[in-house]
Structure formats: C-alpha cells, structure tokens
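Observations on chain architecture
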Amino acid sequence: MPGTLGRRLLPLPLVLLGASALVFLLPRASGLDTTRTVLRSRIADSAPDPAAAERVSRELGLDGPLWQQYLLWLGSALRGDLGLSFSTRTAVVPQLVAALGVSTLLTASALLLAGLVGIPAGVTAARRPGGPVDRAVTTLSVLGAAVPEFILAPLLVLVFAVALPLLPAAGWGGPAAAVLPVVTLALFPAALAAQLTRAETADVLGTLHIAAARARGLSERRLLWVHAARRSLTSVTALSGMFFAGLLGGSVVVEVVFAVPGLGRLLYDAVLAQDLPVVQGGLLALVTIAVLTTVGAEVVQFALDPLARRAAR
Amino acid sequence: MHPAPTRSRAVVLALLACLVTACGAGTAPQAGVAVPDGVVTIGLQFAPRSGFAVDTDDAFVLTQLGAVETLVAVDGERRPQPGLATEWTQVEPTTWRFTLRPGVTFHDGTPLTADAVVGALRYVAGVAAPPRAIAGAALTAEADGDAVLVRTAAPDPILPLRLSAPGTAILAPSAYAGDGPPSVVGTGTGLLRITEADAAQGVTLERFDGYWGERAGVASVVARFLPDPTARALAFRAGDVDVVLGLPEPAVLELQSTPDVEVQTVPTPRTASLYLNASAPPFADVRVRRAVALAVDRTALAEQALAGSGLPASEVFGPAVPWGGTGPVPAADPAAAADLLAQAGYGPDNPLTVRLWTYANRPELPTLATAVQAMLAGAGITAEIRIGEYAAQEPELLAGRYDMMVLSRNLLTDLPDAAGVLTSDYTCSGSYNLNRYCSPEFDALVAGLVDLPDPAARQDVFARAAQLLEADTAGVPLVHTVDTSATRGVTGFVPDPANRVLVTSELARTG
C-alpha cells in the first residue's frame, strides 16, 4: 500500500507545475483587457482615464513581460503567497481558505448524504431485480439524475422555505441554512450511486463467490450487505474522489441560488472580474485537491476490494 | 454568440418566476405603527466587488446603508446640500473652502476634524483609479482651522457636487491604518455603524447613538447580498428579508396583489439606447438615422417587449433626473421611415442590411434587440443580430467598427451632473463617443458648462443638449430602466432614484 501510494503521489509536483503554467496562461488567453476589466469593476467608467489605466496596470503587476509575471507568481506561490486579489486588494490565501472551508463542508455533507441514501437504495434494489423496490429506485434515480440544480434549488425553496417556512431560503451560517444546498447538491450523486450500486451488486450476487458463500449457509442479509455490497462499492468510491473535486469548485449554481460563499462562487466572480490571482490560486488548489482525492479514493478502493489489492501486487 | 441559449435561459427564468409566484403567500407580519428598536433585514442585488473599498463603486453600498457620509449631500432635485460640511465657498477659481459640521463623531469615537477629512480626501485622490467624480481633477486638500481647503488643477464650478459622490466618503483616520483598502467596520459617521462586513454574504449594522443627525428608527439593519433575482424574490416570499430590491417582473406582478406587501417602482438614470455608428455608411447619413428612429416603437418596447419593466424614452435623460425629457414619446411611423430610406437611396432594389450588436450581460438587451429587429424589418431594414460579451465587443465599438448596437448605460452613476457623460459620449473628441456623433453646436453648448456654477442653469443646459441629440438622432434612446422594490412589515422605506440612500432615520419595523 505505501508503495502504491508513493507511486501515485510521485508525479504530483510535475502535474502541479504543468497546471500552474496552464492556470496562469489560460485566463490571459481570453483576449480580454484585464486592466480595463478590473478598472470597470472598481469604478464602472466606460471611458477610464488612460493614466489611471496605466497606474492600475502597474499596481497589478501587469506591466512586465508575461514570462516575468509567471516566474514572480510561481516564486511567490511556492512560498505559499498567492498574491493580492485584483478586486479586493487583500491577500488571496485567506479568501481561498474561507471559501474552500465552506465548499468542503457543503460537498462532503452532500456526498455523505448521497452515499447514505444512494448506496442502501441500490443494494436493496439489487436484491430482487425487476421487483417493485428495484423499479421504484430505478425510476427515482433516473429522475434524480435528470433534474438540474437550477430547477431543484428553487423548487426546494418554494416547498421548504415559502410554503412550509421551516428552513431559510438563502444564506450561510448554522445547520438549518445548509440543509437545502446540501440536499440540492446531493441529488445527482445519490442517483448515480444508487444506479451504480444496484448494477454492481446485482453482478456480484450472480458470481460463484456468492454462490459458494450461500452454500456455506450464510444468511441472505449477510451475503447482501457484507459480501456483495462491499465489493460493489468500488466504483462508487472511485467516482466519489472525482465528484468531490468537481463539486468543490463546480457547485456555482447552488452557491449563487442559496447565496453560499463557497469556492465555486468565488471563482465564478473572479473569472468575470478577471481577478487573475484568485482564478490562478483557486484553480491550482482545485487541481491539487483533485489529484489528492483521486489517490485517496484509490486507497479506499484497495481497502474495500481484495481483487484490486491482488491486481496491484 | 447564438441567441438561442439566451432564449432558453429566459424560458427557464420565466418558468422559475412562475414557480415563485404560483406558491402560497409567505408569512406576513401584522401591519401597524412603527415599532422602536426593531431589526430590518434587506436583500440587496449587488454584492461589493472590491472588498468595500470606499474609493470604488462599493461605496454605494456603504452610503445606501447609512454607514458613511460625504462632505456634501444632495436633495431630490440633485442639488448640493449640507452634509459633513455645513457650507462652502469658492475662495479662488481653483480653491473651495468647506466648513466642517461641528460635533460630528466617527463610529470609533474620534471626532471629525479637518485633519481627518484631509487624510481621507488625500487617500481617495491618491489611489491608482480615483472615483469617477474626482478623476482628473488633481484634487489636493489642506486643513484651515475648522475647515478644509480643497484645490483642483483647473477651475471647477461643481466641486461641491463632486464631493457628494459616495466614493469621496470620509472615514476615521483609523480606517486608513492597514495595508489594504480602508476598513469600513466602525469607521464611518452615518446613523448606523457597521459591526460586521462580509463581501460574500452581507453587512450587519447597529444604530449609532452618537450620530449628529436624527436618530435611526431601527436598532439594527442586516443587509444580505442576494445576486440571483429568483433567490431574492424567494427570500422575500419566505420572510427571510423585509425589504428586497431588484425584483424580476413576474414576482413584481404577484407581489403587487399580495396583502401587506408594498411594491415601489422608481426610474433610474440608466437608459438602453440604439447606438448608430455615424462615422460610416449607412448611418453617416442623418436620413437613415432618422428612418431608424421612426421605425422603432419605443412605447411598444417598454410596455410589451419588456412587459412594463421600463419606461419609453423620449430623450437620453429620463424621469430619474430633474432635467429629463417629459415630452411625448415619438410615435413609430414605418411608412415615413421607408420614405426617408428611399430618399437616402435604399429600397427594394437596394435593400439596407446592417449588423445589430448587443450583449447578454443585461438580460433585457437581447429582448430589446429582437424587438428592434422586427420593427426595423417593418421599415425595410434587415438587421442581423449578433449577441456577444460586452468586454469583447468594446474595442470594436470604440474603434467605430460596428453598425448599430443596443447598449445600456447608467448616465449619472455617482455625480448628479451630466457634463461628464455629455462630454465623453457625445462631443467630437469624446472618449466614449460610440455614436461617432460630431456637432460643433453641441460641443459649444457643453463647453459653456465650464463657466456655469449654478446648478439650475447647468440643468437647463443638460436639457437643451439632450434635445439637440434627439434632433440630430445621435443614437435612439429606447427605454429608461426602472428599479422595483418590495417591503413588508416596515415603514419609511423610500427608494432612491440615484441609488445612494436606502436606510434613513424614518426606516422602522411595524408591528
């Protein structure tokens, strides 16, 4: 296991170096005039004074050649300093940490909820393929995967904040405010987890390994929930790593509709405002997390699946 | 960019708005008289983009919430009134003396002194991009007893008005102690003191009992930033906020008929216009520009295309300002438009085809462009719509490489004086003259403002300038935007067309 982990983590510095060049260059390839965009976000003047534009360009460090800007940024980033936001003129790192904290809580809660609902539903459905439970789970999971967040979010607000005033409609702070965003975000992974678990469990239940266990006199419940379900979780755990990284920075719709100060909203606003230090820092953080969570998911997969462990050896 | 995605988004938004309005009414507090020491929650549509930096447009949030003040205030007629300064005189052509209001205390307990004001003005004048109102003025300040002398590089007849802009608000010296933008927590002079400021979520304010003016009617205000229109409407329906700004049109229609909810509509100085590039054919010919103006039915655009969420424009300035056009809106006359086009050499044998640009950053613009396209077709003009991103289009616009464009512009963002926008947008050498309009008569009229300090006389010039633009068809003003707000369980909320003030001493909860 440590050897496998080491092999997976070895290319990380190289991946991050490549990612740093990409996240630095991509926003600059948009063709937009960053100085003018920043000026417009500070003072919405359609005809800014050229002298002011020059001063702002100097203040933002955009007046030097591109390679010099990159090396300066990379050097600072290696020291843990991602610079100052072009918009707020305050340090990027605390902004990212705060937003990442919110998004991590939101995403982890959503994936946990998705797992708690989707996996048992999938396993139960696999017990009798074609039965009423299977049909219900399949229908609900297809529906869950099909309803987009921008429809589900206001629907949930209408029901649970307006018609039944049980939860706040928007905002962040306290467990009550987190319920609707978490449920909205959890629906799609829950539906996917149910479908995957159902398919995998049904496959595992048909294997010789299960038939042998059944012949040894193991109870159906134990067969289903310990032997079959455990092995069928491998694809769900593999996906959860990617989901985690994707949802961290990609839950923009949920964060905008519920006014949640997460990473997705921070990056979305930063892209629109050409706030390059925030965009660069945020993307770099996301790439790092994506790599680490994928490796983490593989580790969990190894722990759950003896076949995968043998294959790795 | 293809317009289809915008249409689908509009359909989705309309569907969501229907969902918003189809549900049962939210909880409504009992109507009644003002309750002292209440808490009012406000849902704002725009979050600060620059970390509450007072030298940026974020200053509007601070003045709206009654946390900060400027040396000069403005009244409903957009004329200067005493603020933190009680009086002012022009002691020299380039120097004004502002006498400070005695007995004013900052929220941190320190007194408002001439040195504090000088420090604040020097900071804002010295940032890389000073606020529009004082940009280019080369403003300097020095203390003079209980007054402040403010100097400009050139004689400035409207310096008091410039110092009414939110970006020139005065904060306590402690605000400027750090490295970043000045801190706004507990450093203002307004009737409410900021206790928490989070640019992503909102601001919490409490009544400042040491305020020099009338005491606030609320104990505290919680302002929440809710940028999504549907989410704002839902938060109001759910009772999460007592006051909400910038409602989507379907929600307005529903809330207007909801008991205990007061919906108010106020015109803004924002105008959506059809810009016509007069530097090249076909719009170099004034007959073609007039034909376009005649082909467009501005009343139908406001009342039908925008479903009443705008007012038809008769001139570039509308009812949001005292000098705005009050005359009848020009009626559409496609037949007369076709005649003018024929005189200019266009007709069935030589059809006129133009490119009509707009951008989707403001959702009403593609709708307006589509309606304008249909109206132009009625006069024999084929307009090919191209929807893009404004930031990407701007270089082409400034270079005059376009035919016509539907564009929305806030004409008086922070300074209640139109000299700046008339100069930049319509004079021959104007830096934002998208219409490429050039009239010596117009330039002379605007140039005369340099020696005109009287606000009433200046407003008269602004009105004449707008009439001249209309006569020369320097673009076609289409609609003036309106802002809509809704309140429930509060009294004393009056929307401000200038978008500077939301919270006043009259605002209170009712019970």
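Quick caveat, the model's predicted, so the values are computed rather than measured. (Residues numbered from 1 in each chain as written. Chains lettered and ligands numbered in written order. Predicted model: local features only at pLDDT ≥ 70, side-chain atom pairs only at ≥ 80, totals over all residues. Heavy atoms only, no water.)

**Details of the packing of aromatic side chains**
Following the criterion strictly, the structure yields 13 aromatic pairs over all chains and no others. An angle of 40 degrees between the planes, with centres 6.2 Å apart, marks the rings of A:Tyr70 and A:Trp73 as tilted. In this pair, A:Tyr70 and A:Trp73 are both assigned in helix H5 (residues 66-78), three residues apart and thus about one turn of the helix distant. Of the two residues examined, A:Tyr70 and A:Trp73, each falls in the buried class. Summarising the aromatic geometry, the rings of B:Tyr123 and B:Tyr176 are spaced 5.2 Å apart at their centres and angled 50 degrees between planes, so their arrangement reads as tilted. You can see B:Tyr123 sitting in helix H3 (residues 114-126) and its partner B:Tyr176 sitting in the loop between helix H4 (159-162) and strand S9 (192-198), a full 53 residues away along the chain. Aromatic ring contacts, followed pair by pair, group A:Phe24, A:Tyr70 and A:Trp73 into a single cluster. (Phe/Tyr/Trp six-rings, centres within 6.5 Å; stacked < 30°, edge-to-face > 60°. Helix = DSSP H or I, 4+ residues; strand = E, 2+ residues; numbered from the N terminus. Buried < 20%, exposed > 50% of the residue type's maximum accessible area, 1.4 Å probe, protein only.)

**Here's the deal with the state of the cysteines**
Residue and element names in this part refer to chain B. Under the definition given, this model contains one disulfide over all chains. One disulfide bridge connects Cys428 with Cys438, the sulfur atoms lying 1.9 Å from each other. When the S-S torsion is 95 degrees, as for the bridge of Cys428 with Cys438, the disulfide is right-handed. Linking Cys428 in the loop between helix H12 (419-426) and helix H13 (440-447) with Cys438 in the loop between H12 and H13, this pair joins segments that are ten residues apart in sequence. (Disulfide = S-S within 2.5 Å.)

**Notes on the interface of chain A and chain B**
On the side of chain B, 46 residues touch chain A, which itself brings 39 residues to the contact. Taken together, both faces of the contact between chain A and chain B bury some 3,400 Å²; the carbon and sulfur share is 62%. The interface formed by chain A and chain B contains two salt bridges. In this structure, A:Arg36 and B:Glu394 form a salt bridge, with 2.4 Å as the shortest nitrogen-oxygen distance. If you list the elements that add at least two residues to the side of chain A that touches chain B, you get helix H3 (34-42), helix H4 (50-60), helix H8 (149-163) and helix H13 (252-257) of chain A. Residue composition of the side of chain A that touches chain B, grouped by class: 25 nonpolar, six polar and eight charged. (Contact = heavy atoms within 4.5 Å. Buried area = accessible area lost by both parts, 1.4 Å probe. Salt bridge = Lys/Arg side-chain N within 4 Å of Asp/Glu carboxyl O. Nonpolar A, V, L, I, M, F, W, Y, C, P; charged D, E, K, R; others polar.)

**Here we look at H5(A)**
Residue and element names in this part refer to chain A. Look at H5: 18 Å from first C-alpha to last across 13 residues, which is about the 18 Å you get at 1.5 Å a residue. For H5, the complete set of buried residues consists of Gln69, Tyr70, Trp73, Leu74 and Ser76. The arc that holds every buried residue of H5, seen down its axis, measures 165 degrees, which confines them to one face. Within H5, the exposed residues directed more than 90 degrees away from the buried face are Trp67, Leu72 and Leu78. (Expected span 1.5 Å × (residues − 1). Arc of directions from axis to C-beta.)

**Remarks on the nonpolar core**
One finds A:Trp73, A:Val157, A:Phe258, B:Phe236, B:Leu247 and B:Ala486 to be the most contacted residues of the largest nonpolar core, which totals 63 residues. Ranked by residues supplied to this core, first place goes to helix H6 (residues 92-127) of chain A with eight residues. Residue-level mapping places this core at the junction of two domains, with at least three residues from each of domain 1 (2-79) and domain 2 (92-312) of chain A. Dropping the residues within four chain positions of it, B:Leu247 is found in contact with B:Ala233, B:Val252, B:Leu255, B:Thr484, B:Ser485 and B:Ala486. (Core = buried A, V, L, I, M, F, W, Y, C linked by side-chain atoms within 4.5 Å. Domains from an automatic or database assignment.)

**Structural notes on the domain arrangement of chain A**
Residues and elements named next belong to chain A. When cut into domains, chain A gives domain 1 (2-79) and domain 2 (92-312). Computed over C-alpha atoms only, the centres of domain 1 and domain 2 are separated by 32 Å. Listed per partner, the contact involves 21 residues of domain 1 and 17 residues of domain 2. The tally of links from domain 1 across to domain 2 stands at zero salt bridges. At the boundary of domain 1 and domain 2, one finds one residue pair in polar contact (both at pLDDT 80 or more). Elements represented by at least two residues in the side of domain 1 that touches domain 2 include exactly helix H1 (2-9), helix H2 (12-25) and H3. Ranked by residue count, the leading element in the side of domain 1 that touches domain 2 is H2, at seven residues. Grouping the constituent residues of the side of domain 1 that touches domain 2 by class yields 13 nonpolar, five polar and three charged. (Polar contact = N/O pair within 3.5 Å; in protein donor to acceptor, adjacent residues only side chain to side chain.)

**Here's the deal with the packing of helix H10 (residues 208-215) of chain A against helix H11 (residues 220-232) of chain A**
All names here are of chain A. Here H10 crosses H11 at 155 degrees, and the two axes come no closer than 11 Å. With respect to each other, H10 and H11 are oriented roughly antiparallel. Where H10 crosses over H11, the two elements pack in a sense that is right-handed. Together, His209, Ile210, Ala213 and Arg214 of H10 and Glu220, Leu223, His227, Ala228 and Arg231 of H11 make up the contact between the two elements. Of the residues belonging to the contact of H10 with H11, the class tally is four nonpolar, two polar and three charged. (Axes fitted to C-alpha atoms, helices over the stretch in contact; angles between N-to-C directions. Parallel < 35°, antiparallel > 145°, perpendicular 65-115°, else oblique. Left-handed = near helix turned anticlockwise from the far one by under 90°.)

**What to know about the pairing of strand S6 (residues 95-100) of chain B**
Residue and element names in this part refer to chain B. With five of six residues buried, S6 lies mostly within the body of the structure. Pairing of strand S5 (residues 85-92) with S6, which is carried by six bridges, proceeds in the antiparallel orientation. Pairing of Glu92 across the sheet is with Thr95, part of S6. Pairing geometry for S6 and strand S8 (residues 147-151), over five bridges, is antiparallel. Residue pairing for S8: Phe98 is matched across the bridge by Val148. (Pairing = 2+ DSSP bridges.)

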